[in-house]
Amino acid sequence: MIDYLKNKKIMIVVAHPDDELLGLGATMNRLIDECNVKTHVVILGEGITSRADQRSPDKWKEELDIHRKNIHKAQAAIGYHTVSIYDLPDNRFDAVDLLDIIKIIEKEKNEFKPEVIFTHHGGDLNIDHRRTFEAVITACRPMEHEHVKTIITFETPSGTEWQASNDPRPFLPNLFFEVSEKNIASKIKGMESYEFEKRSYPHPRSPEALKIQAQRWGIANGKNYAEAFTLIRMIS
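Residues numbered from 1 in each chain as written. Predicted model: local features only at pLDDT ≥ 70, side-chain atom pairs only at ≥ 80, totals over all residues. Heavy atoms only, no water.

A.B. asks: Is there a simple way to explain the packing of helix α6 (residues 181–192) against helix α7 (residues 207–220) in this structure?
C.D. replies: Any two packed helices are characterised by the angle at which their axes cross and by the distance between the axes. The interhelical angle for the contact between α6 and α7, taken along N-to-C directions, is 145°, at an axis separation of 10 Å. For the pair α6 and α7, the crossing hand works out as right-handed. Packed against α6, whose contacting residues are E181, I184, K187, I188, M191 and E192, the element α7 presents P207, L210, K211 and A214 at the interface. Each residue belonging to the contact of α6 with α7 can be placed in one class, and the counts come to 6 nonpolar, no polar and 4 charged. (Axes fitted to C-alpha atoms, helices over the stretch in contact; angles between N-to-C directions. Helix = DSSP H or I, 4+ residues; strand = E, 2+ residues; numbered from the N terminus. Left-handed = near helix turned anticlockwise from the far one by under 90°. Contact = heavy atoms within 4.5 Å. Nonpolar A, V, L, I, M, F, W, Y, C, P; charged D, E, K, R; others polar.)

Structure follows, in structure tokens:
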């Protein structure tokens, strides 16, 4: 799969600032370093205002400004090329018409023209992750002239593993990218750039937990470190 991705245009579509790091930060860093890919991240939601009883963006202006600046610090840590930032309501994507989310993705897709899209697992606990997945799948219907040939989903620590154990949509990875300690360090540095999202161990978003997660998938595949994905569609 690494050889297949060489020189490709890859779009990463996520619900919140930090999801691009949590889902594939180390893999993205490796692909950029080794495979001459061009990467574009689309962040759909503002990622903050659900922490209040009511959504009041004006009351969170300072925090939202900081959150946006943190996106660019994280971008520098990973090295991805470009980013588009939207302000859909945090943890309220179910209050937004799915078509409106689809239109954003179609716009970004038509401008960037990616061959590959990475996005959230469709069975996450987080409603915004689920809606993002639905919008990506709908925006990339395999029509005659569709240029997105590959769709890959990732797990999001503190969003994927917290789903009910009997949910009918478990994350069942069938694709693994080996990553290095340097790639993991870049992911952790990027994640630590997010002042409102970083956490202490044993939270799944802590530096220690992120490294353990990479070790877990590495061990499962005979490697030191890896990140796990599900290949949803690949047309060659």
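A.B. asks: Can you help me understand unusual backbone geometry in this one?
C.D. replies: Where the residue is not glycine, phi is negative for most of them; where a peptide bond is considered, it is trans in most cases. A cis amide bond, omega 15°, links Y201 with the succeeding residue P202. Tracing the sequence through the fold places P202 in the loop between α6 and α7. Phi is positive for N36, which is not a glycine, with a value near 55°. By the element assignment, N36 lies in the loop between α2 (19–34) and β2 (38–45). One non-glycine residue, S158, adopts positive backbone phi at about 80°. Relative to the helices and strands, S158 resides in the loop between β5 (150–154) and β6 (175–178).

A.B. asks: Hey, could you run me through the sheet that holds strand β1 (residues 9–14) in this one?
C.D. replies: Hydrogen bonding along the main chain pairs the strands of a sheet, whether they run parallel or antiparallel. Taking strand neighbours across the sheet as the criterion, the 7 strands line up as β3-β2-β1-β4-β5-β7-β6 in an open arrangement whose pairing is mixed. The sheet is open, and its two edges are formed by β3 (82–88) and β6, each paired on a single side. Across the sheet, the mean angle from the axis of one strand to that of its neighbour is 25°, orientation sign disregarded. Inspection of the sheet shows β1 paired to β2 by 6 bridges, in the parallel sense. (Pairing = 2+ DSSP bridges.)

A.B. asks: Even after reading the chapter, I still don't get the side chain of Q75, so can you show me in this structure?
C.D. replies: Looking at the element boundaries, Q75 is found in helix α3 (residues 61–78). Judged by its relative accessible area of 13%, Q75 falls in the buried class. Discounting chain neighbours no more than four positions away, the residues touching Q75 are Y80, H81, T82 and V83. (Buried < 20%, exposed > 50% of the residue type's maximum accessible area, 1.4 Å probe, protein only.)

A.B. asks: Explain the packing of aromatic side chains to me, please; I cannot follow it from the model alone.
C.D. replies: Two aromatic rings, taken as a pair, are described by how far apart their centres are and by the angle between their planes. With the rule as written, the count across this model stands at 3 aromatic pairs. Measuring from centroid to centroid gives 5.5 Å for F118 and F229, while their planes differ by 75°, and the two rings are edge-to-face. With F118 in strand β4 (residues 116–120) and F229 in strand β7 (residues 226–234), this pair connects stretches of sequence that are 111 residues apart. Judged by relative accessible area, which is 0%, F118 ranks as buried. Classification of F229 by relative accessible area gives buried; the value is 0%. Their ring planes at 45° and their centres at 5.5 Å tell us that F176 and W217 sit as a pair that is tilted. Placement of F176 in strand β6 and of W217 in helix α7 is noted, with a sequence separation of 41 residues between them. Overall, the relative accessible area of 29% leaves F176 in the partly exposed class. Each residue in the set F118, F177 and F229 is aromatic and connected to the rest through ring pairs, giving one cluster. Between the NZ or CZ atom of K9 and the centre of the ring of F112, over which it lies, the distance is 4.7 Å. (Phe/Tyr/Trp six-rings, centres within 6.5 Å; stacked < 30°, edge-to-face > 60°. Lys NZ or Arg CZ within 6 Å of the ring centre and 35° of its normal.)

A.B. asks: Help me out: how do you make sense of α3 in this one?
C.D. replies: It helps to recall that an α-helix has 3.6 residues per turn; residues three or four apart then point in one direction. With 18 residues, α3 extends 26 Å from end C-alpha to end C-alpha; this agrees with the ideal 26 Å at 1.5 Å per step. Within α3 the residues assigned to the buried category are L64, H67, N70, I71, A74, Q75, A77 and I78. In a view along the axis of α3, the buried residues occupy a sector of 155°, so they form one face of it. Residues of α3 that are exposed and angled more than 90 degrees away from the buried face: K61, E62, K69 and A76. (Expected span 1.5 Å × (residues − 1). Arc of directions from axis to C-beta.)

A.B. asks: Where do I start with the packing of α2 against α6 in this structure?
C.D. replies: At a minimum axis distance of 8 Å, the contact between α2 and α6 shows a crossing angle of 130°. It follows from the interaxial angle that α2 and α6 lie oblique. Pair α2 / α6 crosses with right-handed handedness. Contacts between α2 and α6 involve L21, L22, G25, A26, N29, R30 and D33 from the first element and K182, N183, I184, S186, K187, G190 and M191 from the second. (Parallel < 35°, antiparallel > 145°, perpendicular 65-115°, else oblique.)

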